[in-house]
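In case you want the letters, here they are:
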Amino acid sequence: MRSTPKSGRQVPKATVLAILVAVAGLTVDASAQRPVPARDSTRGLALAMSEGFTLAAVGDIIQTHPISTRRTPGLTDVITLLQTADATFGNFESSALDMRTFPGYPQAEFGGLWVRSDPAVVPDLKAMGFDLVARANNHSTDWGLEGMRETDRRLDQAGIVHAGTGEHRAAARAPGYLTTPQGTIAIVSMASSFTPLSRSTPPQGLAPGRPGVSALRTTRRVLVSPEMLQTLRRVYDAQPKGSYQPPADSTPNDLELLGVRYRASAAAKDKLAFTFEMDSTDVQEILAGIRQGKRNADFLIATIHAHEPGNWSEEPADFLPGLAHAAIDNGADAFIGHGPHQLRGIEIYKGKPIFYSLGNFFFQVTSIEPIAADLYEQFKRDPRKVVDAEFHEWWEKRFFGGETAPIYYRSVVAVSKYERGAVSEIRLYPVELGFSDRAAERGVPRLAPPAVAREILAQLDRLSRPYGTTIAVEGNVGVIRAPSARTSGQ
């Protein structure tokens, strides 16, 4: 007896066959009506660049003026590294603005400094070899949405692909695409360190979406000993009733006091630690953007601006390894972190590199101008007696001074080579940024001299060993080779 639908019409044999093979996980060749194997959905996430593809990657770029034509010793060697790679990436942590014509103004909420670059910096980056930059960071809207848009427009004009900012959340999450002779490269940029008003949102009903950055929200909890939590609870209970509202997810081992979340941990003892919980909606959207980008590209860079747990820490926050692994599981071929202004460790996961922080590449914080009045007022400095350059030198010593100061002026250019669908070798070229130079030259990268190079590589090797990664030193270059880099998660 032939099956018929409720309308009484007979179901064609081809339709019945299509339903059966669909249930069985097959597709049908319509012309021959023969079942063929279904497409492997995981193939869309595989690395498909030509053999020997190289990616050069650096960290934060805070560059105030064009630099590529300078004859600074060692700078030309660094530029050559950038130019000879098949693709070059960095985090552009500035706004490229001409103050004579810019219609905006410095925002009351900003990333610690109003970072600004001469507009000529953007084509200068292109001349140095940069192809792709991240734009989601805590300085993206220092000069408002006008500054964000103006900077993105200049990057477009220069032919530098960027991602991480947009006119609403979907646009900020969206991948950027670069076409190269070796294949198409996608980039997805996010920031867990951002100013609250810079966070983009989607439209809802009649409310339009908000322009801004692709933000990954996290909830920070300070881990304290049970005894310390009891002390904090006494302070908590002493607050005037009605002056606070406990979070909905509070537990007996968890409290919020004056805007800070605390959690009891037997491991904390007398030393504070931090734990972070990622917003599930943000994670799902970011991973979806990575899958989308990889299916339309041959190679994908996932990149995050993350200061957490703080610029003082040489270890990444506890949420970052899980996020990096998830990004690679969803199609990323490289996960690149930046933000804390210092190097953090390197991990190889399933044949793909994870750079938890590549530190600073350009760090010209002492030559940023102009400084808005707010900063002078905040630090009680008199602009009639202190010029901008003098203020920045004082500010730099305050925030990046002391014995640890040189670490913020040391980093690497990481050149990763890919073969057979995975990274085969990473070469790490130590770079120093002239910490001891006068302000006009400080923060400009050049290849580190041998003694400093060995110190940088020794530090990076120490930071990477907890992830099963060891760095060999060949001359003044660090080398990670796939056979000697233990892969985790397999």
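Please refer to the structure placed before this passage.
Fair warning: this is a prediction, and the values are worked out from it, not measured in the lab.

*Asks:* If you had to explain the environment of Ala 439 to someone new, which residues and values would you point to?
*Replies:* If you trace the backbone, Ala 439 turns up in the loop between strand E23 (422–432) and strand E24 (446–447). Residue Ala 439 is classed as buried on the basis of its relative accessible area, which comes to 16%. Separated by 73 residues in the primary sequence, Ala 439 and Thr 366 place their C-alpha atoms 5.9 Å from one another.

*Asks:* Just give me the short version of the sheet that holds strand E19 (residues 346–349), but keep the residues and values in it.
*Replies:* Taken in spatial order, the six strands of this open sheet run E10-E11-E17-E18-E20-E19, and their pairing is mixed. Looking at which strands have only one partner, the edges of the open sheet turn out to be strand E10 (176–180) and E19. Ignoring which end each strand starts from, the neighbouring axes of this sheet average 20° apart.

*Asks:* Quick rundown of the side chain of Thr 141? Include the residues and the values.
*Replies:* Note on placement: Thr 141 falls in the loop between strand E7 (132–134) and helix H4 (144–158). With residues near it in sequence (within four places) discarded, Thr 141 still touches Gln 107, Glu 109, Met 148, Thr 195 and Ser 198.

*Asks:* With reference to specific residues and values, describe the pairing of strand E17 (residues 299–305).
*Replies:* Buried residues dominate E17, accounting for seven of its seven residues. Covered by surrounding structure in E17 are Phe 299, Ile 301, Thr 303 and His 305 together with Leu 300, Ala 302 and Ile 304, the residues of both alternating faces. In terms of strand pairing, E17 meets strand E18 (residues 334–338) through five bridges, oriented parallel. From the neighbouring strand, Thr 303 faces E18, where its bridge partner is Ile 336. Regarding the hand of the β-α-β motif, the stretch spanning E17, helix H8 (residues 320–329) and E18 is right-handed.

*Asks:* Residues and numbers for the sheet that holds strand E15 (residues 260–264), please.
*Replies:* One key point about sheets: their strands pair by backbone hydrogen bonds, in either a parallel or an antiparallel sense. One open sheet holds the four strands; their spatial order is E14-E15-E13-E16, and the pairing between them is mixed. The open sheet has two free edges, formed respectively by strand E14 (254–257) and strand E16 (273–278), since each of these has just one partner strand. Neighbouring strand axes in the sheet, compared pairwise and without regard to direction, differ in orientation by 35° on average. Alignment of E14 against E15, held across four bridges, turns out to be antiparallel. The residue bridging Glu 256 from the neighbouring strand is Arg 261, located in E15. Against the sheet, helix H6 (residues 226–237) contacts strand E13 (218–224), E14 and E15, and its axis sits at roughly 45° relative to E14.

*Asks:* Explain the packing of aromatic side chains residue by residue, including any values.
*Replies:* All chains considered together, the criterion is met by 19 aromatic pairs. Pairing Phe 299 with Tyr 418 gives two aromatic rings, centres 4.9 Å apart and planes at 85°, and the pair type is edge-to-face. Taken together, the residues span a long stretch of sequence, with Phe 299 in strand E17 and Tyr 418 in strand E22 (residues 410–419) at a distance of 119 residues. Neither residue differs from the other here; Phe 299 and Tyr 418 are each classed as buried. Aromatic side chains Trp 395 and Phe 399 sit 4.8 Å apart centroid to centroid with 35° between the ring planes, which places their arrangement in the tilted category.

*Asks:* Give me the lowdown on the pattern of salt bridges, citing residues and values where you can.
*Replies:* Pairing of side chains with opposite charge becomes possible as their charged atoms draw close. Overall, the coordinates contain 29 salt bridges when judged by the stated rule. For the salt bridge of Glu 167 with Arg 149, the shortest nitrogen-to-oxygen distance reads 2.8 Å. Pair noted here: Glu 167 is in the loop between strand E9 (165–166) and helix H5 (169–173) and Arg 149 is in helix H4, with a separation of 18 residues, a long-range link. On the basis of relative accessible area, Glu 167 is assigned to the partly exposed category, the value being 39%. Owing to a relative accessible area of 37%, Arg 149 belongs among the partly exposed residues under this scheme. In this structure, Asp 333 engages Lys 294 in a salt bridge whose closest nitrogen and oxygen atoms are separated by 3.0 Å. Remark: Lys 294 occurs in helix H7 (residues 280–295) and Asp 333 occurs in the loop between H8 and E18; sequence separation between them is 39 residues. Under the relative-accessibility criterion, Asp 333 is labelled buried at 0%. On the basis of relative accessible area, Lys 294 is assigned to the buried category, the value being 0%. Here the salt bridges do not stand alone but share partners, grouping Arg 169, Arg 173, Arg 217, Asp 279, Asp 282 and Glu 285 into one network.

Cut-offs used in this document
Counting restarts for each chain: residues are numbered from 1 in the order of the written sequence. Thresholds applied to this predicted model are a pLDDT of at least 70 for local features of residues and 80 or more for the giving and counting of side-chain atom pairs; totals over whole chains, interfaces and linings are not thresholded and use all residues. Remark: hydrogens and water are excluded; side-chain values derive from all non-hydrogen atoms of the structure. Helix and strand definitions follow DSSP, with helices as H or I runs of at least four residues and strands as E runs of at least two, each counted in order from the N terminus. Only protein chains enter the accessibility calculation, which uses a 1.4 Å probe; a residue is then buried when its area is under 20% of its type maximum, exposed when over 50%, and partly exposed in between. Paired strands are those between which DSSP finds at least two bridges. Note on geometry: axes are C-alpha line fits, over the in-contact stretch for helices, and angles between N-to-C directions span 0 to 180 degrees. We call two residues in contact when some of their heavy atoms are within 4.5 Å. We call a crossover right-handed when, viewed with the strands running away from us, the connection from the first strand over the helix to the second turns clockwise. Each aromatic pair joins two rings of Phe, Tyr and Trp (for Trp, the six-membered one) with centres within 6.5 Å, and gets the label stacked for planes under 30 degrees apart, edge-to-face for over 60, and tilted for any other angle. By definition here, a salt bridge exists when the distance from a side-chain nitrogen of Lys or Arg to a carboxyl oxygen of Asp or Glu is within 4 Å.

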